[in-house]
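Chain residues, written in single-letter form:
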Amino acid sequence: MFDALSDRFEGIFKRLRGQGRLREEDVEAVLREIRVALLEADVNFAVVRGMLDRIREKTVGIEVAEALNPAQQIIKIVHEELVSVLGGEVIRISYASKPPTVVLLAGLQGAGKTTNAAKLARWFKQQGRNPILVGADLQRPAAVEQLRTLGRQIDVPVFSQTGDPVETAVAGLAEAKRLGRDVLIVDTAGRLAIDGALMDEVRRISEVTSPDYTFLVIDAMTGQDAVVVAETFNDTLALDGVILTKLDGDARGGAALSVKEVVGKPIAFASTGEKLTDFELFHPDRLAGRILGMGDMLTLIEKAEEVYEKQGAEEAAQRLMDGSFTLDDFLDQMQQIKKMGPLSGIVGMIPGMPKELKNAKIEDGQLDHLEAMIRSMTVAERANVDLIDGSRRARIARGSGSDPGEVAVLVKQFKEMQKMMKRIPGFSGTKKGRSAKKKGKNRGRITTAPSGPPSGPKPPFSLPGLN
Amino acid sequence: MEPLLLILIVVVIVLSVGSVALVVHRRGDSVTLESPGARGVHAPPVDAPPVDDPPVQSPPAAPAVASLRDRLGKARGTLSGFMGSVRARPRVDQETWDELEEALIRADVGIGATTTILDRLRQSVTAEGITASTELLEVLKAQLKADLAGGDRGLHHEPGGPNVWLFVGVNGVGKTTTIGKVGKQQADLGHRIVMAAGDTFRAAAAEQLEVWAERSGADLVRGAEGGDPSSIIFDAVQRAAARGSDLVLADTAGRLHTKVNLMEELRKVRRVADRDPGQVTEVLLVLDATTGQNGLVQAQQFTEAVALTGVVLTKLDGSAKGGIALAIQSTLGIPIKLVGLGETADDLVAFDPDEFIDALFAAD
């Protein structure tokens, strides 16, 4: 539905080729596209205005020499601006010298406070801490029950009592001290920013627990109102940061950027999935890429790293490079990929994925079908697909409940992949991206992770169709 | 088949090569966490809030269904502010247009829909020779009301087997709460209700629905946590048929529309619910009023999967304007049927486009 910013630029820059310098009206045209892209990403109206002014300053006078690719330069400027607004750094959590370190979570209804309280507890546990959860959401039916269930799943104690949320928080603090837990996470009821009585209640919870960290939990899908919400909560509670949830969808998450710009508090954590492990420190540069619709390679690779057996992956990469990659390896890789969740989600994170592939309908059931075909091959066939002739093809098709044509497609594509990998010269396997196989018009380009640290300077982004 | 293969191949290459690249770059990465106590005593950053700021008591829930306009009026701040400033301008000039655009975008109508709306407004301004700002606003209101007019806003009961109303949406929009409220209202109207706790994923979702079922005297059918939602809804339809209940309210787990397998699960739920004797007569997308532009994509994906009959716009009593619902109706033709304006069952009211637009433009 939304075109990446790069697609929007394409038309403009086609006109500009051969022109020496960007004229002011060209810059305005480009800025209009940037504006639309940012607004579609739910960046707050006022924030967009400020950003555009800064981008305009940096953009006027850029050379439009063909070799330099002005579109990429401008995207780089926008990306840098986004990163700088988001605050280039990952938050550092320090612990109170007199435990427990108290963390208070607040936010609107349905932002994901309860789930993220548990995710945060798990995260602290991973840092070697002993967290305890306090359920002070006595409003929503069964909210405490939900927290208890989650607490059991991560083996973290949960304290709650009926009655008053403020008293519950006080009692929770006492319980943490009694049990010697060193991190206390308080889950509160969802409340509207304009609900004075409930805002006062959460303020009192804050007063009695003196939190070391107060996080606003906010949904990545939130629109323009995010700023109003964040300002009100910040006025009431003095926020330390934001937990951005539901980032696993396709919302661009521009609201997060607005919150950072307006309230000046960093986004501390990002929740990227339904599982309690889908929770991580927030990386501003990745969201910047996402707002621009550029994919999110680093998150993808990190995800891969979690489920991939490292040695296996390295060996597979090695075999890919020297051309000895077999269908068995392919099958292996498929298994790993399956562990990472739906393929469509993975594809969305790969920058520069050609549109034809990105929009292709992928059902994960199809993977099983593919797997069945490979499993219907003999060991020898898997090691050497050249063995597969007409009669073998028919046998494989029968064995996997597919038709011989499908088997042929599989074999053909696989061979092409092998051929292509062999053609790439000097592939050391440690740096930079590689171009990968494309179907139809050969214009997209796949670029893998930048090789520097996430916040460091980056080469201009490679985007499809701009060279 | 073929695209799948290509994608797989690309993914395999990217991932295996990428993970190697990452291992290399990781080695140079520094640790991001300070050791405990590294910053000395961590001063709690909570500023004592000013005491001279008495909390505004939220008014008690209106006993009867107050008009949408009154209810919305409370929270209209930003937008009505803009409209006020537009109104104050004697003539329609460029600034008027800019302010209108800003107001609509801030209400989450979205840049696309806003541009369309304002282009049409410009045409009528030229055609009708409008120069006064107040007149301009009236034309805009009429235009927006016309956009929202029509569409089937009723909640449907068909004779025959138990009607199934399916509630779908992304996580945290208020599906379970909405079912609770709809259940209470429908029970008061004399319907016999079975609630199906089809959210087997979120911890304690069934317990939450159970509380609501008790409040409205509805039957609750639930299954094991992590169980198959289709079978729970199947059981609920069976129970309804056996006991002569005419309405099954089916809860489903929140799911992001990007998750192919979960959307597939939802299709199955709908198919099963539609199996004799059940008949699906409403499929309602529950949408949080704070949702931004992603709401349109959500509506599109959900309606593709389960053919939505309407939208329930929740949490409209906050400061969010819910403008995305406008875009959803005008782009996809899916009508807004209900809006949520507060915590109690009475706070879920029928959507009235005229009042909604009037409230958006109310000049306090």
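Along each chain, numbering runs from 1 in the same order as the chain's sequence is written. Going through the entries in the order they are written, you letter the chains from A and number the ligands from 1. Local features in this predicted model are restricted to residues of pLDDT 70 or higher, and side-chain atom pairs are both shown and tallied only at a pLDDT of 80 or more, whereas totals for entire chains, interfaces and linings draw on every residue.

Residue and element names in this part refer to chain B. Pairing between two strands requires that DSSP report at least two bridges joining them. To qualify as a helix, a DSSP run of H or I must reach at least 4 residues; to qualify as a strand, a run of E must reach at least 2; elements of each kind are numbered from the N terminus. Strand order in this open sheet of eight strands is β3-β2-β4-β1-β5-β6-β7-β8, and the pairing throughout is mixed. A single partner strand is all that each edge strand has here, and the edge strands are β3 (219-221) and β8 (348-350). Across the sheet, the axes of successive neighbouring strands diverge by a mean angle of 25°, strand direction being ignored. Where strand β1 (residues 163-168) lies against strand β5 (residues 279-288), six bridges are found, and the strand directions are parallel. Each residue of the ladder has a partner; that of N163, found in β5, is Q279. Think of each axis as a best-fit line through the C-alpha atoms, taken over the contacting stretch in the case of a helix, with angles from 0 to 180 degrees between the N-to-C directions.

A few words now on the domain arrangement of chain B. Considered domain by domain, chain B is made up of domain 1 (68-148) and domain 2 (163-308). Per the annotation, domain bounds derive from an automatic or database assignment of domains. Between the C-alpha centres of domain 1 of chain B and domain 2 of chain B there is a distance of 37 Å.

Another aspect to go through is the environment of T114 of chain A. Residues and elements named next belong to chain A. Position of T114 relative to the elements: it lies in helix α5 (residues 113-126). Placed 30 residues apart in sequence, T114 and V144 show a C-alpha to C-alpha distance of 8.5 Å. Remark: residues whose backbone-derived C-beta atoms lie within 7 Å of one another are considered to be in contact. Excluding residues within four positions of it along the chain, T114 makes contact with D137, A143, Q146, L147 and D187.

A few words on unusual backbone geometry. P99 of chain A connects to P100 of chain A through a cis peptide bond whose omega is 5°. Mapped onto the elements, P100 of chain A comes out in the loop between α4 (70-86) and β1 (101-106). The peptide bond linking D276 of chain B to P277 of chain B adopts the cis configuration, its omega dihedral lying at 5°. Considering the arrangement of structural elements, one finds P277 of chain B in the loop between α10 (260-273) and β5. Of note, the phi angle at A238 of chain A is positive, near 55°, even though the residue is not glycine.

Residues and elements named next belong to chain B. Confidence of the predictor at the level of single residues is captured by pLDDT, which takes values from 0 to 100. Residues of chain B with pLDDT of at least 70 account for 77%, and the chain-wide mean is 81. Confidence drops under pLDDT 50 across residues 18-65; counting only partners more than four residues distant or on other chains, this segment forms 77 contacts. For this predicted complex, the interface confidence reaches an ipTM of 0.78, while the overall pTM sits at 0.74.

Quick look at helix α14 (residues 327-339) of chain A now. Residue and element names in this part refer to chain A. With 13 residues, α14 ought to run about 18 Å at 1.5 Å a step, and its terminal C-alpha atoms sit 19 Å apart, in line with that. Listed in full, the buried residues belonging to α14 are L327, D329, F330, Q333 and I337. Seen along its axis, α14 keeps its buried residues to an arc of 145°; they face one direction. Seen from the buried face of α14, the exposed residues on the opposite side, beyond 90 degrees, are Q335 and K339. The span you would expect from a helix comes to 1.5 Å times its residue count less one. Residue burial is a threshold on neighbouring C-beta atoms within 10 Å of the residue's own C-beta, all placed from the backbone, with 20 or more meaning buried, 12 or fewer meaning exposed, and counts in between meaning partly exposed. By construction, the arc corresponds to the directions joining the helix axis to the C-beta atoms.

The next subject is the packing of helix α9 (residues 229-243) of chain B against α10 of chain B. All names here are of chain B. The N-to-C vectors of α9 and α10 enclose an angle of 15°; their axes lie 9 Å apart at closest approach. With respect to their mutual orientation, α9 and α10 come out roughly parallel. Between α9 and α10 lies a crossing of right-handed hand. Note on element contacts: α10 touches α9 through E265, K268, V269, V272 and A273, opposite P229, S230, I233, F234 and V237. For classification purposes, angles smaller than 35 degrees are called roughly parallel, those larger than 145 roughly antiparallel, those between 65 and 115 roughly perpendicular, and all remaining angles oblique. Handedness of a crossing follows from how the near helix is turned relative to the far one, being left-handed for an anticlockwise turn of less than a right angle and right-handed for a clockwise one.

One can read the domain layout of chain A as domain 1 (5-86), domain 2 (101-294) and domain 3 (308-423). The centre of domain 2 of chain A, based on its C-alpha atoms, is set 42 Å off from the matching centre of domain 3 of chain A.

So, on to the packing of α14 of chain A against helix α17 (residues 365-375) of chain A. All names here are of chain A. At a minimum axis distance of 11 Å, the contact between α14 and α17 shows a crossing angle of 155°. Classified by the angle their axes make, α14 and α17 are roughly antiparallel. The two elements α14 and α17 meet at a crossing, and its hand is left-handed. In this structure, α14 uses L327, L331, M334 and K338 to contact α17, whose residues at the interface are L367, E371 and I374. Taken together, the residues of the contact of α14 with α17 break down into five nonpolar, no polar and two charged. Basically, the charged four are Asp, Glu, Lys and Arg, the nonpolar ten are Ala, Val, Leu, Ile, Met, Phe, Trp, Tyr, Cys and Pro, and anything else, Gly included, counts as polar.

Moving on: the nonpolar core. Nonpolar side chains in soluble globular proteins tend to be buried together. By convention in this section, buried Ala, Val, Leu, Ile, Met, Phe, Trp, Tyr and Cys residues joined through C-beta atoms within 7 Å make up a nonpolar core. V103, I185 and V186 of chain A together with M195, A196, A250 and V311 of chain B are the most contacted members of the largest nonpolar core, which totals 181 residues. It is helix α9 (residues 226-237) of chain A that provides the largest number of residues to this core, a total of seven residues. Setting aside its immediate chain neighbours within four residues, M195 of chain B contacts I179, G183, L209, A213, A218, D219, L220, L249 and D251 of chain B.

All names here are of chain A. Assignment of secondary structure puts T245 in strand β6 (residues 241-245). Spatially, the C-alpha atom of T245 lies 16 Å from that of V90, the residues being 155 residues apart in sequence. Apart from the residues lying within four places of it in its own chain, the contact partners of T245 are A111, G112, N116, V217, I218, D219, A220 and S271.

All names here are of chain A. Read across the sheet, eight strands follow the order β3-β2-β4-β1-β5-β6-β7-β8 without closing on themselves; strand pairing throughout is mixed. This sheet does not close on itself; its edge strands, each paired only once, are β3 (158-159) and β8 (279-281). Taken together, the five bridges between β1 and strand β4 (residues 183-188) define a ladder with parallel strand orientation. In the strand pairing of β4, L105 is matched with D187. Each of β1, β2 (131-136), β4 and β5 (213-219) is contacted by helix α8 (residues 196-209), which is oriented at about 175° to β1, the strand it contacts most. Of the strands in this sheet, β1 and β5 are in contact with α9, which crosses β5 at around 165°.

Time to look at the pairing of β5 of chain B. Residues and elements named next belong to chain B. Counting buried residues in β5 gives eight out of ten residues, a clear majority hidden from the surface. Bridge count for β5 against strand β6 (residues 310-314) is five bridges, and the pairing is parallel. By the bridge assignment, D288 is partnered in β6 with T314. Here is how to tell: hold the view so the strands point away, follow the path from the first strand over the helix to the second, and if it runs clockwise the crossover is right-handed. Crossover handedness for the path β5 to helix α11 (residues 294-306) to β6: right-handed.

Further remarks concern α9 of chain B. All names here are of chain B. Over its 15 residues, α9 runs 21 Å from end to end, which matches the ideal 21 Å to within 8%, given 1.5 Å per residue. P229, I232, I233, A236, V237 and A240 are the residues of α9 that are buried. The buried residues of α9 all sit within an arc of 140° when viewed along its axis, so they share a single face. In the core, the buried residues of α9 are packed alongside β1, β2 (193-196), β3, β4 (247-250) and α10.

Right, let's talk about the environment of L39 of chain A for a bit. On the secondary structure map, L39 of chain A appears in helix α2 (residues 24-40). Accessibility expressed as a C-beta count within 10 Å gives 22 for L39 of chain A, which makes it buried. Taking the C-alpha atoms as reference, L39 of chain A lies 9.0 Å from Q224 of chain A; in sequence the two are 185 residues apart. L39 of chain A has contacts with V48 of chain A together with I105 and I111 of chain B, leaving out every residue within four places of it along the chain.

Right, let's talk about the pairing of β2 of chain B for a bit. Residue and element names in this part refer to chain B. Residues I193 and M195 of β2 are buried on one face, and the alternating residues V194 and A196, pointing to the opposite face, are buried as well. In terms of strand pairing, β2 meets β4 through four bridges, oriented parallel. Residue pairing for β4: M195 is matched across the bridge by L249. Note: β2 against β3, three bridges, orientation parallel. Opposite V194, over in β3, you have D219 as the bridge partner. Traced from β2 through helix α8 (residues 205-216) to β3, the parallel crossover comes out right-handed.

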